[in-house]
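Given next are the chains, with one letter for each unit.
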Amino acid sequence: MSLDDNELPQTEDEWRVRLTPEEFHVLREAGTERPWTGEYVDTKTQGVYHCRACGLELFSSDTKFDSNCGWPSFDDAIPGRVKEIEDRSLGMARTEIRCARCNSHLGHVFHGEGFTPKDTRHCVNSVSIKLEPR
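Analysis parameters
Residues numbered from 1 in each chain as written. Predicted model: local features only at pLDDT ≥ 70, side-chain atom pairs only at ≥ 80, totals over all residues. Heavy atoms only, no water. Phe/Tyr/Trp six-rings, centres within 6.5 Å; stacked < 30°, edge-to-face > 60°. Helix = DSSP H or I, 4+ residues; strand = E, 2+ residues; numbered from the N terminus. Pairing = 2+ DSSP bridges. UniProt positions renumbered as here; feature names shortened; annotations may be inferred. Buried < 20%, exposed > 50% of the residue type's maximum accessible area, 1.4 Å probe, protein only.

A. Quick peek at the packing of aromatic side chains. Scanning the model with the defined rule gives four aromatic pairs in all. The interplanar angle of 40° and the centroid separation of 5.9 Å between the aromatic rings of F65 and F115 together place this pair among those described as tilted. With F65 in strand β3 (residues 64-65) and F115 in the loop between β7 (105-111) and β8 (120-124), the pair connects residues that are 50 residues apart, well separated along the chain. By way of ring pairs, the aromatic residues Y40, Y49, F59 and F74 are connected into one cluster.

B. Region of the structure containing the pairing of strand β6 (residues 94-99). As defined by bridge partners, strand β5 (residues 82-87) adjoins β6 across six bridges and the pair is classed as antiparallel. Bridge pairing in β6 links V82 to C99. Taking the residues between adjacent antiparallel strands as the criterion, β5 and β6 are bridged by six residues, where G91 takes a positive phi near 80°. Adjacent in sequence and paired antiparallel, β6 and β7 are bridged by five residues, among which N103 carries a positive phi angle near 65°.

C. Seen up close, the UniProt feature "domain: MsrB" (unreviewed entry) in the protein chain. Mapped onto this structure's residue numbering, the UniProt feature "domain: MsrB" (unreviewed entry) falls at residues 12-134. Segment residues 12-134 splits into 13% helix and 34% strand. End C-alpha atoms: 32 Å apart.

D. Layout of the sheet that holds β3. Pairing within the open sheet is antiparallel, and its six strands lie in the order β3-β4-β8-β7-β6-β5. In this open sheet, the two edge strands, each paired with only one partner strand, are β3 and β5.

E. Region of the structure containing unusual backbone geometry. Unusually for a residue other than glycine, A30 sits at a positive phi of about 60°. Topologically, A30 is positioned in the loop between α2 (21-29) and β1 (47-51). We classify A30 as partly exposed; its relative accessible area is 36%. Backbone geometry at N68 places phi at a positive 60°, although glycine is not the residue there. Relative to the helices and strands, N68 is located in the loop between β3 and β4 (73-74).

And the structure:
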């Protein structure tokens, strides 16, 4: 399911050929899918969520929880698979999350909301991930 490093597209034009227009918008242009529209918002299936762009394993279904925010939420990522970047694009400070391998946009991470004992919510666009069921 995962691409070899030498198979990763090197340009945005190469990514555009590999991804659907919606996937490209979210993953490569840091877009956001509309809330409550993603295929994984309410999914309870056990498995591993991979980056839809490169196939890297990102989140285990064991860390998925219902945050009632309109996007899939995870209280933890697989160590070393998601990088955090400061995002001030909307005039406020947020933390964007990207795939550590291909640098594709996944969503944002929030701390201190009290949803889980880890007190972290990775708010992820469904279109940026792909579930591999157990």
